[in-house]
Each structure stands twice: as C-alpha cells, then as structure tokens.
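# What the coordinates show
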Amino acid sequence: MHKIFALLIFALMPFSALATPPPTIFAAASLKPALDDLASHGTLGKPAPRLVYAASSALARQIEQGAPADVFISADEDWMDDLAKRGEIVADTRSDLLGNALVLVAPKTSDVQVDLSQPQTLRRALGMIGRLSIALPQSVPAGRYASQSLHALGLWDSVAGKLAMSRDVRASLELVAMGECPLGIVYRSDAISEPRVRVLATFPAASHQPIVYPIAIVRGHDSTASRALLHALESAEAQAVFRHYGFDAPPR
Amino acid sequence: MIELDFALTRGEFVLQLALRSEARALALFGDSGCGKTSTLHAIAGLLKPARGRIALDGRVLFDADERAGVPVAQRRLGVVFQDVRLFPHLSVRDNLRYGAPSSNDSSRFDDAVQLLGLGALLKRKPDRLSGGQARRVAIGRALLCDPAALLLDEPLSNLHREARAEVLEHLRGLKRELALTTILVSHQADEVLALADAVALLDDGRLRKVLPVAQFGGEQRFATRATAEAR
Amino acid sequence: MAWLSHDETIALLLSLRVAAVATACALPPATACAWLLARWRFIGKSLLETALLLPLILPPVVTGYVLLEVFGHRGVIGRVLDALHLTIAFRWTGAALAAGVMAFPLLVVALRTAFESVDRKLEQAAATLGANAWRIFFGITLPLSLRGLVAGVALAFARAFGEFGATITFVSSIPGETRTLPIALYELLETPGGEGGALRLTWVAVIVALIATLGAALLLRGQRATEIES
C-alpha cells in the first residue's frame, strides 16, 4: 500500500512544480498514530507533510532506490547506518529523535499472566496451538529487539517453534489485537495506541539494543522546509505528544 | 403417427405449423429459411415452442398446456445434423457407440456398420473422413442409440455427386431394412422422392400443404430454385 | 540443491507443496464456476463474475486480512475448524488456502475460455444421443478443452507458487510451516546484505516456472501426437 503511495507521489511530482509540495516523511510503522496526530494539528507546519509508513527495512530500500522522501525516521540504527554508508543521507542532519520500550502484550479479553523470569509461564500462556507474534527478526527492528530480548532472558528456546512473524510491527500487533495470537512483542507506543490489547510486561532495557529512532534528511532533499520539519519534530511541543503516545526521549 | 401443432419465434422469424401424418417417412420441404430445420430442432427438443404440442407415435414430446416437455436426452430421437457434428476427439467406432455406451449388443453394431459400409473406417478419426463417409457415420451413430424415430436434416447437402449417390443409396437401404419413423428435412426434390412417403411443404414459417410423395412428383412448380441448381 | 541453504530448501519444498495443493483443491470449484459461467444464463451472473474478480482487484494484504477474519482462530469458520482439530490458521494448509484463493480467478477465467471454445453444437449432438449433463461434460466438453485446461492449471500453479501478500498477512512467516519461497525471498531482500541470497532464490523460482511451462507443453504435445497418429 505504501509503495502505491510512493509511486503516486512520484507521479504527481511534475505537477507539483506549479506549487511547492509539502515535504514527505518516510517513517517507521510504529510512528503512525503519533505523527498523524502531529500533522493533523498543524504542529509540523502547513501544509501538513505527506506521511509514508512501512517497516524501516522497506523504507530504507526505497530510499536507496531514489524514493522521494525528504526526511527518514527509522525504528533502529542499523537501517539508518546502512543508508549513511551508502551516502543516502545528509550526515550532519542525523540525530536521535526518540526512544521506546519493548513490551509483551495480550488481547484485552485475555487474562493470562506471564512472568518474564519464568519461561514456563510463557509457554503456558501460549498453550497448545498459540503463537507468539513478532515482526521478522532479520529485517524489522521491532523483530530484532524482540529476538534479542528473548535470547537475553533465556526465553528463546521455549518459544522458538511457536513464533508467527509478520512483515512489520503493526501487522504483528494486529494479530494480537484480533485475538489470533495469545501473545505478541511490540513497542510500548504500539500497545498504548491499541485499545484491543493490554500490556503484560515490559522487557528490561538491558535485554536488547537501545531502541533508538534516528532521524535524518535524505540526500538531495536538504531544504529550508526539510530543516524546518526536523526542527518541528524535535521541538518540546512535538516531544510532549510523542511522550503521550508511549515514546521515550532518546537514550543517552 | 407424426403430430405437430406448435408455434415458435426466433427473433424476427415466426414459425407456425399444424399437421398430422400417418406416413412412416415425412419430408419437410421448402426453401432455405422456411423453418424446416427449426421444426426439426423443435421436435428434437433443441428449441422450445412458445405454445403447442409435439407427439410422435403416441409419445408426447412437448405440450405447452400440460407444461410437459421431455428433455432432449430422453426423447430417444436419432438426429443427423446438417453439419454432421461428429465428435472430433473420438474414433469412428467411439462416435458410433456414443449413443449406446453400455450396450453389449455387438450384432446391432455390426449390422449398422454393414448397412452403412463403415467397416474399414472404424479406427479413423473424423478429420480423416470424406464428406460422404462422415455423413454415413453420423447416420450410423443416430441409429445405434436405438431411437424411436430418425430425424435427418438435409442428409445429402454439401456432398459432391458421387458422395450424394453413395449416401442416398445407403439411406434407401435403411428405409428398406428398418421400419423407423423418419422425418426428413430437405430442399432437394430427388431426396424427397427417394426417401419420403409424404411431403409437407413449408414456406416462410407456414405450412402450405401436406401431400403423398406420389403427388409431389407432379407438383413441379414447388421445385425450388435450389433444386434446379442442383441438377 | 547443494547451493541452497537448509532453510531455503525447506522454503522451496514448502512452496511446491502449497502450490500443488492449492491448485488441486481450486480445480473442482473453479471448473464448476467456469462451466456455469460458460454455459448458463442466470440471475446474479454478473454478481458472480464480480465476486470472482475480487482477489485480483483487492490488494493481496486485504484478502489476507479477510482470510484471517474468517479462518483465523477467532474466525467464524476458523473456530469450527479448530474444534474439529482441522486448524488451518498459521499452518501450511492456511498458506495453501491463501494461494488457492489468489489463483482461483485466473483458473476460472482460463477454464471458462476453454469451455467456451468448445462448439456447443457438439454438446447438443451428444444430448440428442441420450447423454446426460455429466457424460456431456466429461466425454465431450472436457476432452475438447484440454489445451486451455492445462494452460489454466499451469497459470494457476504459477500464481499460487508466487503468492506472497495474502499469505504473509494470513498465516505470517513460520519457518517450515508457512515460510514459502516468496516469503523467504522477501525476508532476504529486507535484510541488509541479503541481496545475494534473494537473487539465488529468484533463480530457483525461474527454474520452477520453466519446469511448469515445459511440463504443460509436453503434456499437450503428447495429446496432439495421439491425435495425429490415429
């Protein structure tokens, strides 16, 4: 869907020569509720920027291929590093925008209890046919953090054969919200924005790489508008809204 | 006993006829477009009249008032189509046997094969048959489904002179050997004279006259343009 | 397959199984639909035609979510299946259903075209010879539409094999169970430095497509040979 969106923007580019187009932000899927809120309230300037959401991996690949993003917000450093290595970002505009926490969620109607220090509680909560919903560990940041935490806490072996891996963190959240999976690992920000799930536990920050949302301007799109957007996102007003949606200040 | 009393419309064309004939072999004769093939198809059940009744030898095949209509597959009529319609993927033998697949009666089969001179053709596929041969296979196929009556649609059409003579001879033989109620569609007088006992003259969807074949020979003014061309 | 990793081989074998089952299971209902559309006029025919096109028109992810709603553990039908121990949610059978649903419209269109190409006059002739609808279909229509049928099946198999969006949305990615070759390919593409592996898997997919096409052609050539011979 996001690819269609990007293509649509691309197709509209010639027409936008008639009027300066609003800047485009490519953002990790988990930022959707917060960014939509900021954009609609005018915090990010008028006209509101165009927002494109997908897994950080998909977005990074598209930017590599010249997708018309002005600003990129990734859900992990690896994908931003990857773009930096290829020279696809304006290096001196890179900074850390947000932090987040990793939580274990269950459908709202479920009454399971899980103690992260006791692997058998996890197994029991999954039951015979239940699966633990996470994002793809090799490619999606949320999945990678989930995998790291599970390994660090010695829970991986209990659940290795019972994972259901999705394309991005919002898809893995949806599986839990629908009740299709009894448990899932998502960002705290996702859990807060989804009324159909409840948080069972928070994974200790030390059990995974620090969750950082780096932000940068894409090469060739350094403009006053882009810089203004960056500034707006880093402003205290925007940060307060992010807090409201479950994000933290960036670690360090 | 052939009882036809029906009307049907196909687009602009209206066909309406009523006749009763005790003849064993009735020919429907007229120009192209007069409705003779449509009549045959209505008897076969491929066309549904708007109203009326069709019965052969006491068996009611269609009755609009009684809301009765025997399905095509159950009318037990052997139809030989003008465009032959042999099944291209089946051998001559399999085509012949199509109407009686479970029959173990090889004598029936052999008789039909002999009657129509199909012995040498049994293993061939229809695309390897001449016009006359294909026509004979179609006749054999219709006969072998053990029909109560035979419907022949222009059985000698599109055949060159030798093939016409060959098929006509076989049909004459059939008429002699089998006492099967037959309805024959034709626009050529010689076919009618050779094969029919009675002739129904059709013109533009209407029945003009029914007469015994002996009288038909004398009604030369009813010989159509097509017949003249055939000579 | 020395040049494929263990995981990749599993993904390939799973894809072959999923696509084969999907195509085989889609064939009977698709044949029925195609025959209905080819030979009958009825109220709601346009509705049926539209409904059949839906998997083609809707984004595959949407189809995946619909499948999830209906056949997932909480779904109307999924619940019943779970009770009967016939769960398809998060199982390869679910992947086969997703693939089958996506391939279904293509199969129907191909089969319908094949049936429509059979001369109705031959079917009429068969009816006058006393054949019922079954005999006409299996003895006349089917053999004469074989060419189109084989082409349709090959097309459906290819579509089922390459199915991605609906599958990953409905049954997610589970190695050995639902992680088909297209999903494995996707994962590699989305991993930094995974392009090499993705290219390898792409080649595998191309080879499978070639084999399927060649197989179909051989099958048809075999049929034509018997026609010429007799």
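The model shown is predicted, which means the values in this text are computed figures rather than measured ones. (Residues numbered from 1 in each chain as written. Chains lettered and ligands numbered in written order. Predicted model: local features only at pLDDT ≥ 70, side-chain atom pairs only at ≥ 80, totals over all residues.)

## What about the interface of chain C and chain A?
The condition is simple: What counts as a contact is two residues whose backbone-derived C-beta atoms lie within 7 Å of each other. Comment: elements are numbered from the N terminus, with helices defined as DSSP H or I runs of at least four residues and strands as E runs of at least two. For this classification, the nonpolar set comprises Ala, Val, Leu, Ile, Met, Phe, Trp, Tyr, Cys and Pro, the charged set comprises Asp, Glu, Lys and Arg, and every other residue, Gly included, is treated as polar.
At the junction of the two partners, chain C supplies 18 residues and chain A supplies 20 residues. Contributing elements (two or more residues each) for the side of chain C that touches chain A: α3 (60-71) and α9 (165-171) of chain C. Taken together, the residues that form the side of chain C that touches chain A break down as eight nonpolar, seven polar and three charged.

## Re the packing of helix α2 (residues 32-40) of chain A against helix α11 (residues 236-244) of chain A
Packed helix pairs are characterised by how far apart their axes lie and by the angle those axes make with each other. Residue and element names in this part refer to chain A. Defined as follows: Between N-to-C directions, angles cover 0 to 180 degrees, with each direction set by a line fitted to C-alpha atoms, over the stretch in contact for helices. In this scheme, roughly parallel covers angles under 35 degrees and roughly antiparallel covers those over 145, while 65 to 115 is roughly perpendicular and the rest are oblique. Here a crossing is taken to be left-handed if its near helix is turned anticlockwise relative to the far helix by less than a right angle, and right-handed if that turn runs clockwise.
Remark: α2 packs on α11, axes separated minimally by 9 Å, with the N-to-C direction vectors making an angle of 140°. Between α2 and α11, the crossing angle belongs to the class labelled oblique. α2 and α11 meet at a crossing whose hand is right-handed. In contact with Ala-34, Asp-37 and Leu-38 of α2, α11 contributes Ala-238, Val-241 and Phe-242. Residues of the contact of α2 with α11, tallied by class, amount to five nonpolar, no polar and one charged.

## Brief notes about the domain arrangement of chain A
All names here are of chain A. We count it as follows: Those domain boundaries reflect an automatic or database domain assignment.
If you check the domain split of chain A, you get domain 1 (2-99 + 211-244) and domain 2 (102-207). Look at where the C-alpha atoms of domain 1 and domain 2 centre, and you get two points 28 Å apart. Counting residues at the interface gives 11 residues for domain 1, matched by 15 residues for domain 2. For the side of domain 1 that touches domain 2, the secondary structure elements donating two or more residues are α2 and α3 (56-64). Its residues assigned to classes, the side of domain 1 that touches domain 2 shows seven nonpolar, three polar and one charged.

## Here's the deal with the arrangement of the chains
Sorting the two pairs of chains in contact by contact count puts chains A and C at the top. Of all C-alpha pairs spanning chain A and chain B, none lies closer than 49 Å, and the two are not in contact.

## Some words on the pairing of strand β5 (residues 59-63) of chain B
All names here are of chain B. What counts is decided by this rule: Pairing between strands is defined by DSSP: at least two bridges between the two strands are required.
Alignment of strand β4 (residues 51-56) against β5, held across four bridges, turns out to be antiparallel. What sits directly across from Ile-54, in β5, is Phe-62. If you look at the hairpin formed by β4 and β5, you'll find two residues sitting between the two strands, and Asp-57 has a positive phi there, around 50°. Two strands pair when backbone bridges link them, and β5 and strand β6 (residues 68-69) are joined in this way by two bridges, in the antiparallel orientation.

## What to know about the interface of chain C and chain B
On the side of chain B, 18 residues touch chain C, which itself brings 16 residues to the contact. At the level of secondary structure, the elements contributing two or more residues to the side of chain C that touches chain B comprise α6 (120-128) and α7 (133-144) of chain C. Classifying every residue of the side of chain C that touches chain B gives nine nonpolar, five polar and two charged.

## What to know about the sheet that holds strand β8 (residues 183-187) of chain A
Residues and elements named next belong to chain A. Taken in spatial order, the five strands make up an open sheet running β7-β6-β8-β5-β9, and their pairing is mixed. Both edges of this open sheet fall to β7 (163-166) and β9 (197-202), since each of them pairs with a single strand only. Strand-to-strand, the axes of this sheet are offset by a mean angle of 35°, without reference to chain direction. Contacts from helix α8 (residues 169-177) reach β5 (102-107), β6 (132-135), β7, β8 and β9 within the one sheet, and its direction differs from that of β8 by about 140°.

## A word on unusual backbone geometry
A negative phi holds for most residues other than glycine; trans holds for most peptide bonds. Selection rule: Once C-beta atoms are placed from the backbone, each residue is buried if 20 or more other C-beta atoms lie within 10 Å of its own, exposed if 12 or fewer, and partly exposed for counts between those two.
Cis geometry marks the peptide bond from Lys-46 of chain A to Pro-47 of chain A; its omega dihedral reads -5°. In the Ramachandran plot, Phe-90 of chain C falls in the positive-phi region, its phi being about 60° despite a non-glycine side chain. Along the polypeptide, Phe-90 of chain C turns up in the loop between α4 (76-83) and α5 (92-116). In the Ramachandran plot, Ser-172 of chain C falls in the positive-phi region, its phi being about 55° despite a non-glycine side chain. We classify Ser-172 of chain C as buried; it has 32 C-beta atoms within 10 Å.

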